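# Summary of structural features
The primary structure of each chain is shown beneath.
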Amino acid sequence: PLILTTTNGTKAISRSKTSKEIIIASFLNVSEVARRIEAGNYSKIHIACAGTNGKFSMDDYLMAGAIISRINQNNFDIDDSGIAAFQLYEGAKVDLHKALSYTFHYKVLQNKGFQADLNFCLRENIYPIIPEVIDTCHLKLAVRQN
C-alpha cells in the first residue's frame, strides 16, 4: 500500500474539490503528468502549488515550471505566472538542489535530517505513474501506471 502524509498537499487538494479531475505531480513523475495533460484535451488546466505553511514555496513553483516545460505551450494559454515558473525551471533544472538550497522549505527539511528525502524527491522521471484523486469527499487516491 501507498501511504502519503502531507499537510499542505491535503489542503491544496481540498481546495480543488470542484475540479473535474485532480492529478498529483512531483518531479518523480513529471513527464507522465505532462503526457497526460497533452493527451487529455483539456480546455483549462490549473497547476495548484500547495506551498509551505500557507506561504509560497519555490519547490512547488519549480515543479509547475517543470510541467510547463514538457507540454506544447502553443496548445495552452499560459499566464505570466506560468511563464515565470517555466523560465525559472529552465534556469534551475541542471541543479535543482542548488536552486533550492537557500529556500525556507529546503533548509527546514535539511535541518530536520531529511537530506536523503530531498535527494530522492528532486530526481526527475523515476516513476511512470499518475496518482489521481478518485474520491474528493474522502480524499482517496488511485494510481495509474502508464
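The coordinates are above.
Position labels on residues start from 1 in each chain and follow its written sequence. Residues qualify for local features only when their pLDDT is at least 70, as the model is predicted, and side-chain atom pairs are given and counted only at 80 or more; totals for whole chains, interfaces and linings, by contrast, use all residues. Excluded from the side-chain calculation are hydrogens and water; included are all heavy atoms of the structure.

Moving on, we get to the overall build of the protein. By the criteria applied, helices consist of DSSP H or I runs no shorter than four residues and strands consist of E runs no shorter than two, each listed in order from the N terminus. Looking only at helices and strands, the protein has seven helices and two strands in total. Secondary structure elements of the protein, listed N to C terminal, follow the sequence α-α-α-α-α-α-α-β-β. To get the radius of gyration, use the C-alpha atoms; to get the globule rule, take the number of residues to the power 0.38 and multiply by 2.2 Å. Rg of the C-alpha trace for the protein: 15 Å, near the compact-globule value of 15 Å for 146 residues, within the 12% margin. Expressed along its principal axes, the backbone C-alpha trace of the protein runs to roughly 40 × 35 × 30 Å. Remark: exposure states derive from per-residue accessible area (1.4 Å probe, protein chains only) relative to the maximum for the residue type, with buried under 20%, exposed over 50%, and partly exposed in between. The 146 residues of the protein split such that 30% are buried. A separation of at least 24 residues holds for 60% of the contacts in the protein among residues at least 6 apart in sequence. For the protein, the accessible surface area stands at approximately 9600 Å², while carbon and sulfur atoms represent 53% of it. In this count, Lys and Arg are taken as positive residues and Asp and Glu as negative ones, while His and the chain termini are left out. The atom standing in for a charge is NZ when the residue is Lys, CZ when it is Arg, CG when it is Asp and CD when it is Glu. Taken as two groups, the 16 positive and 14 negative side-chain charges of the protein have centres that lie 6 Å from each other. Whether two residues are in contact is decided by their heavy atoms: any pair within 4.5 Å suffices. Residue exposure ignores everything except the shown protein chains as possible cover, and the areas themselves are Shrake-Rupley values with a 1.4 Å probe.

Here a salt bridge means any side-chain nitrogen of Lys or Arg lying within 4 Å of a carboxyl oxygen belonging to Asp or Glu. The full count for this structure, using the stated rule, is five salt bridges. E21 is the salt-bridge partner of R36, the closest N and O atoms lying 2.2 Å from each other. One end of the pair, R36, is in helix α2 (residues 30-39); the other, E21, is in the loop between α1 (8-15) and α2, with 15 residues separating them in the sequence. Taking the relative accessible area as the measure of exposure, R36 reaches 14% and is therefore buried. A salt bridge links K93 to E90, with the nearest nitrogen and oxygen atoms 3.0 Å apart. Given the relative accessible area of 30%, E90 is considered partly exposed.

With seven of 10 residues buried, α2 is to be regarded as a mostly interior element. Listing the buried residues of α2 in full gives V30, S31, E32, V33, A34, R36 and I37. Note on α2: the residue one or two positions beyond its end, N41, has a positive phi of about 50°.

Moving on, we come to unusual backbone geometry. The backbone of N53 shows a phi angle near 55°, a positive value even though the residue is not glycine. Its place among the elements puts N53 in the loop between α2 and α3 (58-70). For N53, a relative accessible area of 59% corresponds to the exposed category. With a phi angle near 60°, N125 is a residue other than glycine that sits in the positive phi range.

To continue, consider the packing of α2 against α3. Packed helices, taken two at a time, are described by the angle their axes make and the gap between the axes. What counts as an axis is a line fitted to C-alpha atoms, over the stretch in contact for a helix, and the angles between N-to-C directions run from 0 to 180 degrees. Packing of α2 against α3 brings their axes to within 9 Å, and their N-to-C directions diverge by 55°. Considered as vectors, α2 and α3 are oriented oblique to each other. Read as a crossing pair, α2 and α3 show a hand that is right-handed. Taking contact as the criterion, the partners of V30, S31, V33, A34 and I37 in α2 are, on α3, M63, A66, I67 and R70. Roughly parallel covers angles under 35 degrees, roughly antiparallel covers those over 145, roughly perpendicular covers 65 to 115, and oblique covers all other angles. Helix crossings fall into two classes, left-handed where the near helix is turned counterclockwise from the far one by less than a right angle and right-handed where it is turned clockwise.

For an α-helix the count is 3.6 residues per turn, leaving residues at separations of three or four pointing the same way. N8, G9, A12 and I13 are the residues of α1 that are buried. Viewed along the axis of α1, the buried residues span an arc of 135°, placing them on a single side of the element. Looking at the buried residues of α1, the elements they touch are β1 (129-135). In this context, the arc is that of the directions from the helix axis out to the C-beta atoms.

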